[in-house]
Amino acid sequence: AQSVSQHNHHVILSEAASLELGCNYSYGGTVNLFWYVQYPGQHLQLLLKYFSGDPLVKGIKGFEAEFIKSKFSFNLRKPSVQWSDTAEYFCAVTDTGRRALTFGSGTRLQVQP
Amino acid sequence: SAVISQKPSRDICQRGTSLTIQCQVDSQVTMMFWYRQQPGQSLTLIATANQGSEATYESGFVIDKFPISRPNLTFSTLTVSNMSPEDSSIYLCSVTGVTNEKLFFGSGTQLSVL
């Protein structure tokens, strides 16, 4: 069965600091990978996704993620965070057969002005 | 992109009652899913809604508690039966097209059970 691990449960950064959130998955086949963001009181919003091709994926709001197949990882990065990036971030994975998403436990990011 | 209408957006219910949540998509989709997000937690898949047949439930979820219907390619309902406070969650509908490239979430139903 698929599983997703997000090791950072709560991250606190100052504005302009760089961000990297870890995501590791367990599945041996072909996967599709996603990062979602949930701002306080709001619903899920897709940040970026990886299906194939260039393993470095660029998403909205300056976020990017790199798929490293050998490490089963899909870490999320942003070079300079803003206070408005304060939110919960979820990594998710699915395979082409299953189609439903398996979510990680989420990482709460708090950016201090 | 698909537009998903999920109703109701929120509800407050009494223990022991049932609530039916509707998910309507503006285009035909191949797969529809129901997720639950309990307070402060991640999303968990409840079931896959299959058109014209019984839903496929994940471990820990049963049809008697969460009956699901999908009469056509654009509509599905999830019922939360005999509710208890532990059922207080956000329930989300999700759909995909031919590939996962087109994967969308509804706006969710925030359920509070007193």
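Residues numbered from 1 in each chain as written. Chains lettered and ligands numbered in written order. Predicted model: local features only at pLDDT ≥ 70, side-chain atom pairs only at ≥ 80, totals over all residues. Heavy atoms only, no water.

S.K.: Any chance you could explain the interface of chain A and chain B here in plain terms?
M.R.: Accessible area lost upon the coming together of the parts is a frequently used measure of interface size. Listed per partner, the contact involves 19 residues of chain A and 20 residues of chain B. Taken together, the two surfaces of chain A and chain B that pack against each other cover about 1,500 Å², and 53% of this comes from carbon and sulfur. Where chain A touches chain B, the interface holds 3 residue pairs in polar contact (both at pLDDT 80 or more). Those elements giving two or more residues to the side of chain A that touches chain B turn out to be β5 (31–38), β6 (44–50) and β10 (87–95) of chain A. A breakdown of the residues in the side of chain A that touches chain B according to their chemical character gives 8 nonpolar, 7 polar and 4 charged. (Contact = heavy atoms within 4.5 Å. Buried area = accessible area lost by both parts, 1.4 Å probe. Polar contact = N/O pair within 3.5 Å; in protein donor to acceptor, adjacent residues only side chain to side chain. Helix = DSSP H or I, 4+ residues; strand = E, 2+ residues; numbered from the N terminus. Nonpolar A, V, L, I, M, F, W, Y, C, P; charged D, E, K, R; others polar.)

S.K.: Mind showing me how you'd approach the pattern of salt bridges here?
M.R.: Opposite charge on two side chains permits pairing when their charged atoms draw close. Residue and element names in this part refer to chain A. On inspection of all chains with the given rule, the structure shows 5 salt bridges over all chains. The salt bridge involving Arg77 is made with Glu66; its shortest N-O contact spans 3.3 Å. Taken together, the positions of Arg77 in strand β9 (residues 73–78) and Glu66 in strand β8 (residues 64–68) put the pair 11 residues apart, joining distant regions of the chain. A residue is classified by how much of its surface remains accessible, and Glu66, at 29% relative accessible area, is partly exposed. Linking Lys78 and Asp85 is a salt bridge whose minimum nitrogen-to-oxygen distance equals 2.9 Å. Sharing partners across several salt bridges, the network here consists of Lys58, Glu64, Glu66 and Arg77. (Salt bridge = Lys/Arg side-chain N within 4 Å of Asp/Glu carboxyl O. Buried < 20%, exposed > 50% of the residue type's maximum accessible area, 1.4 Å probe, protein only.)

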